[in-house]
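Given next are the chains, with one letter for each unit.
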Amino acid sequence: MTFTSSVFIGTSLDGFIARQNGDLHWLTSRGEAAGDYGYDDFIAGIDTVVMGRGTYEPALGYDAWPHEGLHVAVLSTTLQPGADPRITIYRDLDQLLRGLEQRGTKSVYVDGGQVIRAFLRAGLIDEITITTVPVVLGTGVPLFGPVGGDIPLSHLRTTVLGAGVVQSTYTIER
């Protein structure tokens, strides 16, 4: 691939990225107290966002489209192409990768548990930044799951933010 792929995501201490019902209040309620967690700097270097339907649909309820000016690719077997002119729908990972290559994509923000795991299984993630919120949910949507084997990481940095939030960045060892 001629592009880099990065994950930038928040989790509970026990590794969940959302409650079972998709609720993120436990994450967003601490946002201001955490201070600057680097998202603006991160997204400034991105030209494409890749997500699944489960991440895309909640974004429709935000006051403003969070990915203005970026190419947004959604992996989905159920969404209808053309229904939202802000996104391009791809049915599978191979079709997505061909589409990203054809577009000349340089840097991808991979978002959503299922899509992150698919990219990890395919060896397509270069860097992972996990912002851990000090809350134990007990159940929810996990960040990680079956990825097809060990994925060795190299630690780049850890930063302690406000409100007990901790952010760690890793690269994938090749």
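Being a predicted model, the structure only gives us computed values, none of them experimental. (Residues numbered from 1 in each chain as written. Predicted model: local features only at pLDDT ≥ 70, side-chain atom pairs only at ≥ 80, totals over all residues. Heavy atoms only, no water.)

Engineer: Sorry if this is basic, but what is going on with the nonpolar core here?
Structural biologist: Grouped burial of nonpolar side chains is what soluble globular proteins tend to show. One finds V50, L96, V110, F119 and I125 to be the most contacted residues of the largest nonpolar core, which totals 24 residues. Those residues within four positions of V110 in sequence are excluded, and the remaining contacts are S5, S6, V7, V50, V115, I116, F119 and I125. Membership of the second largest hydrophobic core comes to 16 residues, among which are V49, M51, A59 and L70. (Core = buried A, V, L, I, M, F, W, Y, C linked by side-chain atoms within 4.5 Å. Buried < 20%, exposed > 50% of the residue type's maximum accessible area, 1.4 Å probe, protein only. Contact = heavy atoms within 4.5 Å.)

Engineer: Explain unusual backbone geometry to me, please; I cannot follow it from the model alone.
Structural biologist: Glycine aside, the phi torsion of most residues is negative, and most peptide linkages are trans. In this structure, A163 is a non-glycine residue whose phi angle is positive, near 60 degrees. You can see A163 is positioned in the loop between β9 (153-160) and β10 (166-172). Overall, the relative accessible area of 37% leaves A163 in the partly exposed class. (Helix = DSSP H or I, 4+ residues; strand = E, 2+ residues; numbered from the N terminus.)

Engineer: What is the right way to read helix α6 (residues 113-121) from this model?
Structural biologist: Within α6, seven of the nine residues are buried, which leaves it mostly tucked inside the rest of the structure. Turning to α6, its buried residues number three or more, namely G113, V115, I116, R117, A118, F119 and L120. Once α6 ends, the next one or two residues include G123, with phi positive near 70 degrees.

Engineer: Can you walk me through the pattern of salt bridges in this structure?
Structural biologist: When the charged atoms of two side chains lie near each other, side chains of opposite charge can form a pair. Tallying each qualifying case throughout the model produces four salt bridges. Close ionic contact of R86 with D84 constitutes a salt bridge, the shortest N to O distance being 3.0 Å. For R86, a relative accessible area of 38% translates into the label partly exposed. You can call D84 buried: its relative accessible area is 8%. (Salt bridge = Lys/Arg side-chain N within 4 Å of Asp/Glu carboxyl O.)

Engineer: Help me out: how do you make sense of helix α5 (residues 93-103) in this one?
Structural biologist: One turn of the α-helix equals 3.6 residues, which is why residues spaced by three or four share an orientation. Within α5 the residues assigned to the buried category are L96, L97, G99 and L100. Along the long axis of α5, the arc covered by the buried residues comes to 160 degrees, so they all point the same way. Exposed residues lying more than 90 degrees from the buried face of α5 are D94, R98 and Q102. Buried residues along α5 sit in contact with β3 (48-52), β4 (71-75), β5 (87-90), β6 (107-110) and α6. (Arc of directions from axis to C-beta.)

Taken by themselves, the reported measurements are silent on function.
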